[in-house]
Amino acid sequence: MKIVESPDPLLNQVSEPCELGDKSLKKLAKQMEKTMYATDGVGIAAPQVGVLKRLIVIDVSPEDVRDPLVLVNPEIIELDGEPETEGEGCLSCPGVTVAITRKPWAKVRYYDLKGEEWEIEGDGLLGRCLQHEIDHLNGITLFESAEPRERIRALKAYEEARRLGAKPGDTAPACAEANRMVR
Ligand code: ZN
């Protein structure tokens, strides 16, 4: 599947809830999973492949292990911890890493493909990834999540990365200087 890249306005739309147990979601999730692995992503949200539905796929397991988790209609029910700032990449914003401040721990309620309700919680990469992907369902990309000064820097770096032909999955910029973090 082709990745929708910023500044496509589709990335700023709010996605519709999925119908629980909808059989077509399985195929969508499989295709998203393939796209995520092909681009070395740790998560992907349906709007990133042009489908405005509340479905995400994540896999934060070590690189040599494939353990994808499909979350239908995921919803953050609790965030906790001292906010931490870390660089995040995104398949829809290739070639840039953006400093984003988030609370580290997240608890999320979701449904599986059969329509059964679950909860997942965690910090570190999992907590960050859950928040990043759920942001996509609300039309929020890295650029909207960043603090104003970092947003300006990141948008400039992104323009440069696009000019240099960055592709989804590229997080290391061709132009390291343009991508240096603002502290
Ligand atoms: Zn993303």
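A brief look at the structure comes next. Quick caveat, the model's predicted, so the values are computed rather than measured.

## Let's talk about the coordination of the zinc ion
Step number 1: Taken together, the protein donors to the zinc ion comprise Cys90 (SG), His132 (NE2) and His136 (NE2), at separations of 2.1 to 2.2 Å.
Step number 2: Written as a sequence motif, the donor arrangement for the zinc ion is C-x41-H-x3-H. On the criterion of sequence distance, the pair formed by Cys90 in the loop between strand E4 (84–88) and strand E5 (98–102) and His132 in helix H2 (residues 124–137) is long-range, its members being 42 residues apart. We note that Cys90, like His132, is buried.

## Quick word on the pattern of salt bridges
Step number 1: In total, this model carries ten salt bridges according to the counting rule given.
Step number 2: Between Glu119 and Lys107 there is a salt bridge, with the nearest N and O atoms lying 3.8 Å from each other. Note that Glu119 is positioned in strand E7 (residues 117–122) and Lys107 in strand E6 (residues 105–111), a separation of twelve residues in sequence.
Step number 3: Judged by relative accessible area, which is 45%, Glu119 ranks as partly exposed.

## Details of the nonpolar core
Step number 1: Core analysis: the largest hydrophobic core is formed by 17 residues, its most contacted members being Leu28, Met32, Ile44, Leu55, Val57 and Val72.
Step number 2: Looking at this core, the elements that each hand over two or more residues are helix H1 (24–38), strand E2 (55–58) and strand E3 (69–80).
Step number 3: Broken down by element, the residue count for this core peaks at six residues, all from H1.
Step number 4: In contact with Val57, not counting residues within four places along its chain, are Ala29, Met32, Glu33, Met36, Val42, Gly43, Ile44, Pro68, Leu69 and Val70.

## Focus on the packing of aromatic side chains
Step number 1: By the definition in use, this model includes one aromatic pair.
Step number 2: Here Phe143 and Tyr158 contribute two aromatic rings whose centre-to-centre distance is 5.2 Å and whose plane-to-plane angle is 45 degrees, an arrangement assigned as tilted. Highlighted residues: Phe143 in helix H3 (residues 142–145) and Tyr158 in helix H4 (residues 148–163), separated in sequence by 15 residues.

## A look at the pairing of E3
Step number 1: Across four bridges, the pairing between E2 and E3 is antiparallel. By the bridge assignment for E3, Ile58 is matched with Leu69.
Step number 2: Note: E3 against E6, six bridges, orientation antiparallel. Residue Leu79 lies in a different strand from E6, and its bridge partner there is Ala106.

## Some words on H1
Step number 1: In this model H1 runs 22 Å from its N-terminal to its C-terminal C-alpha over 15 residues, within 8% of the 21 Å that 1.5 Å per residue would give.
Step number 2: Listing the buried residues of H1 in full gives Leu25, Leu28, Ala29, Met32, Glu33, Thr35, Met36 and Tyr37.
Step number 3: On its buried side, H1 packs onto strand E1 (43–45), E2 and E3.
Step number 4: Taken from the residues just after H1, Asp40 is the one with a positive phi, measuring 60 degrees.

Rules and cut-offs
- Residues numbered from 1 in each chain as written.
- Predicted model: local features only at pLDDT ≥ 70, side-chain atom pairs only at ≥ 80, totals over all residues.
- Heavy atoms only, no water.
- Donors = N, O, S within 2.8 Å, 3.2 Å for Na, K, Ca; no water.
- Helix = DSSP H or I, 4+ residues; strand = E, 2+ residues; numbered from the N terminus.
- Buried < 20%, exposed > 50% of the residue type's maximum accessible area, 1.4 Å probe, protein only.
- Salt bridge = Lys/Arg side-chain N within 4 Å of Asp/Glu carboxyl O.
- Core = buried A, V, L, I, M, F, W, Y, C linked by side-chain atoms within 4.5 Å.
- Contact = heavy atoms within 4.5 Å.
- Phe/Tyr/Trp six-rings, centres within 6.5 Å; stacked < 30°, edge-to-face > 60°.
- Pairing = 2+ DSSP bridges.
- Expected span 1.5 Å × (residues − 1).

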